[in-house]
Every structure is written in structure tokens, then in C-alpha cells.
Amino acid sequence: MNPRVPSVINPGDLVSRLNRDVERSILRARNGIRYVRGSHSPPVGATPKDVVWKRDKAELWRYKGGDRRYGPPVVIVHSLVSRSYILDLRPGNSTVEYLTRAGLDVFMLDWGVPDELDADNDLERYVDWYLPRALAAAREASGHEEVTLAGYCLGGVLAALYAAGHEDARVRNLILMATPVDFDEMGAMVALLREGRLNPEEMIDETGNVPADALYSGFYMLAPTTEVAQKATLLENLWNDEFVEGFQAMATWSRDHVPFPGAAFRQLVELLVRQNILMTGSMPLGGRPVELADVRGNVLNAMAERDNVVPAPAVEPVMHLVGDPARREELRLPGGHVTFGTGRSAFKHTMPKLTGWIIEHSDTPA
Amino acid sequence: MPANQPLWLRAVLRLERAIGEPIESAVRSDTYFDLVSATTRARRKVEGAAEGLSRRCLHMLNLPAGSDIRRMRQQLARMERRLNQLAHDVSELDEADVRSEVR
């Protein structure tokens, strides 16, 4: 017997089920119209914040709303290819909000949307120019001498290079979230560049940057049909306001890429992709070798087990390369690349575990 | 796949995987990589040829072409970058002076 079909149909159940279905159909129709018209966009990146530092397009935000019980401040360094609001996607479903409510002093270093003025921005510009200044501003604003530096995706590479390449970095904790170091493991999109089938110059447009739609196409081609499954799931859950809002916010973010500065892209392809130089433990930057093992402080290597953008094998070698072996810890999380920002798994696993680790390695309240 | 999903949704998800998996492995194949690089190069070549032709025509009429404007925008961007950098350097020097005076 099919367990989903009750043996005796109760008229009361039937009526309440009918009522529920009618109600859901009305909600489906309303949300469907809103979705198609695009008239009900959910707010993203809504946690209140102040801009505490700004240079060119880079901004350092300090989030409000918590009672800032723990120090040092947590400075999140975002990636160069996507928008930072993935870590503050929606009220009630935001990593930044979660950290802030836990009593941490949270800052976000957002790179903005590069244009032709940023085409000459190389990795040195980010690691040796923006980062030291932004972190000095975070230290000054918070009154702490040290910082907890958390880099997401490519932002983790910048954070690790900064922490390793600056003797005066004063990074008490370095958190690398889905941070690739073994670019041989980065999958199809990177293989095109690694094998020389595409040259960086062929991807750079007249602004001197890699256009955002080229990056979007690259990510889209990793799983071109999943959108069908996502839309079908949306249709089934269209009656649920919260689901629709979450879906819309996520869909907005996944299409909202930013151009990649040309100079940094050329370096990334030559050094990180073709030479896979991070795997040597050392990278030339600004005329000096930066040794990843020189990172002082605690290192947390956080990776998502079902990440198809930065697969776990590309992240795992952090445990052999970055910082002092005695101060390295690994955190494996169920979920995909965005588990650091959103989703059921983020709320259940990522946010509590990350927050717990940071608090454990912070100063306790007086 | 959760058991409480309706049949139609389960069927769609299964179908999506049945079609999606071969496509995903196809876009990771050498043939696809070759196709992408050949298409990119061909598109660049066609764009370059069309641009060269329109540039010659416009120059014959003593009009600026898109590539001239682009070059000018790049030069302006370079200049603006240098000015921004100088402005940052000056403000940092000022801040350092203020700090040393306060001490």
C-alpha cells in the first residue's frame, strides 16, 4: 500500500486540505505575478552600516546593531568577482547579521564595481595598498591593535598574502573561506586559461577589465541546466513568501557579477593558474617573495564539501602551506560555495561554527 | 530528494539531472574547450575586421572612430588614476603631518 494515501479519507481532513490548496493557489498567483513583473525585489545587504574608510571604489563598512562584546574586530575581505552582499543577503539570513548579533565587531571590505579607472589594479594594489590602509582604519575605529581577518574566495588569497607579506600585519586570526590555493584543482572554467586555450588578453574588453558577463557565463556553464530545477522548485513553493524572497535574492546575486580588473587578472592567470605558484608556498609580490608560512596567528581553513566553484581539493592544501602548522585548523562544512552566506546549511552549520571559532579566539568580555 | 515533494516536481528534477549530467560532462570536455576558444578567437577576428573597415571609412571623412574614442577614454582614465593617486598621497602626507604635530 502507498504510505502517502490514507486508508480512510476523513471529510474534515479533506476540507482542510482543500482550504489549504485554495489558499496556496491564491498566494501562488499573487507571488507569480509579482515575480514575473519583478515588482517585489527583496532587500539585500540590509544590515545597517557606516562607511568608515573609502579609497577609489574600495569601501570599509562597519556594521551596526550588536553590542560589540568581543575583540579584535572581524574584517571580511570580499572576493574580486562577486558582490559582497552574499554575506548579508537578507535580514534573518545573513552571516554579517549573525556575527554582529553574537557580539562581534564586524567590518566588510567591499571592492565596489571596477571600471576603466581600475584596469591597472594589480594584486599589489590590493594586498600592499588598499588592505593595509583599510585595516588601519578598522583598528582605529575599533580601538583594537589586532584584527581577525576573514577572506572569502579570492578575498582569502588577498587576505593570506597580506597577512604573510606584512610583518606589521597584526592579524590575530586568519579565516580563509573557500579560498583556492591549488589552481590545478579548480575545474573546467580555469582549465581553459591554464592550458592556454584562452589567453587573458582575449577575455579583457576595451575598458581593460574582464567583463562581468564573461564571468557570469563561466559560472553558468558549470551547471547549465540547474536553473530548470531551481525554477521548478520555485513553482512548487511559490505560495511561500519567504521562499520566494530568498530565491529572488539569491537569483539576483548569482547574476550580479562585477568586472575583474585586467592587471590583477593577468597576474592571476600567469602566476596562480599557469604556474600554480601558491602550491610552492611562496609568491612574488611587489618585488619580494611572500612566504605563506610567514602568516602569524591562528589560521582557520573553512571549506564547503559540495563547492563546485572552489572545490575542496583546491582549498585543502592551505593546511600544509599557510601559517604555523600548530595553529592551523580545518572546518569542513556541508553545502556549496554560498554556504558561507546563505541557505539552510549556512544557518545550521556555517554561521554557528564560524562564530564559535571566532569567539573562542577573541578576547572575552571584561 | 525529499519524500514530501509532489510527483511532478520529482519527475522534473530527475529529468533535469538526466539531461544536465551529460551536458555538464560535455562542457568539461576537450572538444568544448576547443570550441569555446575557436569561437572567442573567431568573434574577435570578425569584430577586429569590422572595426578596421569602419575606422578607415570614418577617417576618410575626417571623423573619429570608436577605437579613437576608446583610446582617448583610456588615456583619460590613466590620467584620472594618476591624479587620484597624487590626491591620496597628499592627503596621507597631511594626515602624517597632523599626527606628528599632535604628538
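Scroll up for the structure.
Here the structure is a predicted model, which is why all the values come from computation and not from measurement.

> Can you lay out the overall build of chain A for me, pointing to particular residues and giving the numbers?
A count of helices and strands for chain A gives 13 helices and 12 strands. Taking 2.2 N^0.38 as the reference for a compact globule, 366 residues should give roughly 21 Å; the C-alpha atoms of chain A span a radius of gyration of 22 Å, in line with that estimate. By principal-axis analysis of the C-alpha atoms, chain A measures approximately 80 × 60 × 40 Å.

> Give me the lowdown on the overall build of chain B, citing residues and values where you can.
Helices and strands together make up the secondary structure of chain B, namely 3 helices and 0 strands. Along chain B, helices and strands appear, N-terminal first, in the series α-α-α. In terms of overall size, chain B is more extended than a compact globule, its C-alpha atoms giving a radius of gyration of 28 Å where 103 residues would be expected to give roughly 13 Å. Principal-axis analysis of the C-alpha atoms places the extent of chain B at approximately 75 × 60 × 25 Å. Looking at chain B as a whole, 0% of its 103 residues qualify as buried.

> If you had to explain the pairing of strand E10 (residues 288–291) of chain A to someone new, which residues and values would you point to?
Residue and element names in this part refer to chain A. Across 4 bridges, strand E9 (residues 282–285) lies against E10 in antiparallel orientation. The residue bridging methionine 283 from the neighbouring strand is valine 290, located in E10. The antiparallel pairing of E9 with E10 creates a hairpin that spans 2 residues between the two strands, and glycine 286 there sits at a positive phi of about 55°.

> Any chance you could break down the nonpolar core for me, citing the residues and the numbers?
Residue and element names in this part refer to chain A. Formed by 100 residues in total, the largest nonpolar core has its most connected members in Val75, Ile76, Phe107, Leu158, Ala160, Ala163 and Leu174. At 9 residues, helix H4 (residues 154–165) tops the list of elements feeding residues into this core. Ignoring anything within four residues of it in the chain, the contact list for alanine 163 reads Leu149, Ala169, Val171, Leu174 and Val295.

Reading guide: rules and limits
Residues numbered from 1 in each chain as written. Chains lettered and ligands numbered in written order. Predicted model: local features only at pLDDT ≥ 70, side-chain atom pairs only at ≥ 80, totals over all residues. Helix = DSSP H or I, 4+ residues; strand = E, 2+ residues; numbered from the N terminus. Rg over C-alpha atoms; globule rule 2.2 N^0.38 Å. Buried ≥ 20, exposed ≤ 12 C-beta atoms within 10 Å, placed from the backbone. Pairing = 2+ DSSP bridges. Core = buried A, V, L, I, M, F, W, Y, C linked by C-beta atoms within 7 Å. Contact = placed C-beta atoms within 7 Å.

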